[in-house]
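Residue-level structural notes
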Amino acid sequence: MNMIDVLFTLLTWGIIGFLAYRIYQKQEERPRIWKIMIVIIVGIFSFSLTFPFFYATIRIALLPLGVWILYAFLKNKNWNQYRKYAWLGFLANYIFLSSALLSLFIYHLVYDEASINHHISDITEAKVIPIHPTGKKSVTLRDDFINQISSMERQVFSLEEMLWGGDYQKQDERFPYLLVGSKPRWGSGLSAVIYIEQDGKGIIINTDKESLYFRSDQSLLKEGESHE
Amino acid sequence: MNKKKWMALGIFFAIIIGSMIYFFRNEFPSDFLDDEALIKKLSDDMQVEVIQDKIFIDKKYVFVPFISKGEDYGYSIWKWENGKWHLIQKAVNGYMSLIKINEHDPASYRFVWNFPTENISTIKIFMVKDRNFHGMQERHYYQPRIQMGKSFEHHTAYGVQPFSGEMLEVYEEMIGNPSFSLESFLYPNPINDIYFAWNIYDENGEVVFLYKNAYASGGGESITMYQLEEEDLEFLE
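Here's what I pulled together on the structure shown here. (Residues numbered from 1 in each chain as written. Chains lettered and ligands numbered in written order. Predicted model: local features only at pLDDT ≥ 70, side-chain atom pairs only at ≥ 80, totals over all residues. Heavy atoms only, no water.)

Of the regular secondary structure elements, chain B holds 3 helices and 15 strands. Over its C-alpha trace chain B gives a radius of gyration of 23 Å, far above what one expects of a compact globule, namely 18 Å for 237 residues. A total of 237 residues make up chain B; the buried ones form 42% of that total. Put simply, of all contacts in chain B between residues at least 6 apart along the chain, 60% involve residues at least 24 apart. By element, 53% of the accessible surface of chain B is carried by carbon and sulfur atoms, the whole surface being about 13,100 Å². (Helix = DSSP H or I, 4+ residues; strand = E, 2+ residues; numbered from the N terminus. Rg over C-alpha atoms; globule rule 2.2 N^0.38 Å. Buried < 20%, exposed > 50% of the residue type's maximum accessible area, 1.4 Å probe, protein only. Contact = heavy atoms within 4.5 Å. Areas by Shrake-Rupley, 256 points an atom, 1.4 Å probe, with all protein chains shown as cover.)

Further remarks concern the overall build of chain A. Helix and strand counts for chain A come out as 7 helices and 10 strands. Dimensions of chain A, computed from C-alpha atoms along their principal axes, come out at roughly 80 × 35 × 30 Å. Here chain A holds 228 residues, and 42% of them are scored as buried. Across chain A, contacts joining residues at least 24 apart in sequence account for 65% of those joining residues at least 6 apart. Treating the 23 positive side-chain charges of chain A as one cloud and the 23 negative ones as another, the clouds have centres 18 Å apart. (Lys, Arg positive; Asp, Glu negative; His and termini not counted. Charge placed at Lys NZ, Arg CZ, Asp CG, Glu CD.)

Accessible area lost when the parts come together is the quantity often used to give the size of an interface. Contacts between the two partners involve 31 residues from chain B, matched on the other side by 35 residues from chain A. Buried surface at the junction of chain B and chain A, both sides included, amounts to about 3,000 Å², of which 51% is carbon and sulfur. For the chain B face of the interface with chain A, the top three residues by lost area are Arg131(B), Arg139(B) and Tyr142(B), together amounting to 22%. Between chain B and chain A we count 2 salt bridges in total. (Buried area = accessible area lost by both parts, 1.4 Å probe. Salt bridge = Lys/Arg side-chain N within 4 Å of Asp/Glu carboxyl O.)

Turning our attention to the pairing of strand S7 (residues 193-196) of chain A. Residue and element names in this part refer to chain A. Side chains of S7 alternate between two faces, with Val193 and Tyr195 and Ile194 and Ile196 buried alike. The sheet contact formed by strand S6 (residues 177-180) and S7 spans 3 bridges and is antiparallel. Each residue of the ladder has a partner; that of Leu179, found in S7, is Ile194. Relative to strand S8 (residues 202-206), S7 runs antiparallel, the two sharing 4 bridges. Note that in S8 the partner of Ile196 across the bridge is Ile203. The loop that links S7 with its antiparallel partner S8 comprises 5 residues; one of these, Gly200, has a positive phi angle of about 80°. (Pairing = 2+ DSSP bridges.)

So, on to a positive patch on the surface. On the surface, Arg22(A), Lys26(A), Arg83(A) and Lys84(A) cluster together into a patch of positive charge. For the positive patch, the secondary structure elements donating two or more residues are helix H1 (3-26) and helix H4 (79-110) of chain A. (Patch = residues over 30% accessible without salt bridge, like charges linked within 9 Å, V, L, I, M, F, W, Y side chains within 5 Å.)

Residues and elements named next belong to chain A. Tracing the backbone shows Glu29 in the loop between H1 and helix H2 (33-44). A residue is classified by how much of its surface remains accessible, and Glu29, at 58% relative accessible area, is exposed. With 164 residues separating them in the primary sequence, Glu29 and Val193 have C-alpha atoms 58 Å apart.

Looking now at the sheet that holds S8(A). Across the sheet, which stays open at both edges, the 6 strands sit in the order S3-S6-S7-S8-S9-S5 (chain A) with antiparallel pairing between neighbours. Of all strands in the sheet, those bounded by a partner on one side alone are strand S3 (127-130) and strand S5 (153-154) of chain A.

Take the packing of H2(A) against H4(A) next. Residues and elements named next belong to chain A. At a minimum axis separation of 7 Å, H2 and H4 run at an interaxial angle of 50°. One way to sum up the angle between H2 and H4 is to call them oblique. Crossing angle aside, the handedness with which H2 passes H4 is right-handed. Residues Lys35, Ile36, Val39, Ile40, Gly43 and Ile44 of H2 pack against Tyr82, Tyr85, Ala86, Leu88, Gly89, Phe90, Ala92, Asn93 and Phe96 of H4. (Axes fitted to C-alpha atoms, helices over the stretch in contact; angles between N-to-C directions. Parallel < 35°, antiparallel > 145°, perpendicular 65-115°, else oblique. Left-handed = near helix turned anticlockwise from the far one by under 90°.)

Attention now moves to the sheet that holds strand S7 (residues 109-114) of chain B. Residue and element names in this part refer to chain B. Strands sit in the order S11-S8-S13-S15-S6-S7-S12 across an open sheet of 7 strands; the sheet is mixed. The open sheet terminates on both sides in strands that have one partner only, identified here as strand S11 (146-153) and strand S12 (158-162). Averaged over neighbouring strand pairs, the angle between their axes works out to 25° when direction is ignored. Pairing of S7 with S12 involves 5 bridges; the strand directions are antiparallel. When the sheet's bridge partners are listed, Arg110 is paired in S12 with Pro162. Taken strand by strand, helix H3 (residues 165-176) contacts strand S6 (96-100), S7, strand S8 (122-129), S11 and strand S13 (194-201), and its axis lies near 150° from that of S11.

This paragraph deals with the packing of aromatic side chains. Residues and elements named next belong to chain B. This structure, assessed with the given rule, holds 26 aromatic pairs over all chains. Between Phe63 and Tyr75, the ring centres sit 5.7 Å apart and the planes meet at 55°, which makes this aromatic pair tilted. Here Tyr75 lies in strand S4 (residues 73-81) and Phe63 lies in strand S3 (residues 61-68), a separation of 12 residues in the sequence. Both residues of the pair, Phe63 and Tyr75, belong to the buried class. (Phe/Tyr/Trp six-rings, centres within 6.5 Å; stacked < 30°, edge-to-face > 60°.)

The next point concerns the pattern of salt bridges. If you walk through the whole model with that rule in mind, you get 19 salt bridges over all chains. Through salt bridges with shared partners, one network takes in Arg174(A), Glu197(A), Asp199(A) and Arg215(A).

Here is the structure:
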């Protein structure tokens, strides 16, 4: 779970609640609270444009559709009592937007999507499984695996020599091991599939965006001592 | 007013009782069909002669292997739904199926088959995901090939095996994490490109072909698997 996102979502609703309370305090004739809640939520409804923004999407609210609908229903009744809440709902779109941008910014201060330690932080329940006949069955993670990966360096991932060498689906698998059950850094919400190279010295982290490739001088795997 | 109240109460109880009947009909299947009824239902394009077994894979799923008059080996899968046993799949000569009892829990998946015993001594199940590579400017994506296998000795003609062990662990790791996609509409479901296949071997390890008219019908929560061409495998052990 992405804790930064969760925190900012709570914060945003807190701000909206606080602003609603301020309006409420200043009113002499106060509507029922459940009605206020409905008016705010309907007020959020808007015509908006979405833009892609660094693998996220941002929504910019343009037309306050919700406010118009509420006005149409309430203009002959007690619109004045609800007007401010309806506009607060529309304003909430911008509170959400700035909160999302801020949370994205802070996320990248706390977590690094290109860091191997943020993807693999806890291996107490992890193990390595051969996923191709090229992999050896008796292989396990070395005890100092976590320390070792800290010193690994990110490298450019070139596949040219593999791609042009004969039948593409008929060769040794360069990454015949899967790392199963490892956990990313707490609260990061990072999620990836992690493979280990045949010589045990390389790792690729397949996120939903790209493969991150890391190399080490020593093997991360040891042979034997299979617990089966 | 009183009348209205009674009406409302009546409707309320009718709904409660109705949903209870529905629940019990769904959750507590009645006795499974007997051999005679099964033979009748299964014999449409072929005459089924022997019902070999009736195996409850789950309280709502039954696996029924059979042999036809012409010595065709086949199987059917039945599911209890809406108060009736429904035939959800029937396959003859050269199929295996993967039954997904609970789609969201791969540990509930079961492999089933029915092959003649003569000349076949080993059955193998494969889980494969093809190698894949994308490069776009600075970003690269490489999907290693997954090719895992599991073999079973073939003593009795038919069998049921749970999806288990390392294959299951790898499968769960793959579906637990989102996969790369160029465009979500190009690769709508990343797990779909993991596929299952099988092969059968004689005692010398040679591939056996049944050379009989194979066919399968049905589907849904039961997926038919095909015999894997040896040449599609990398480095058979």
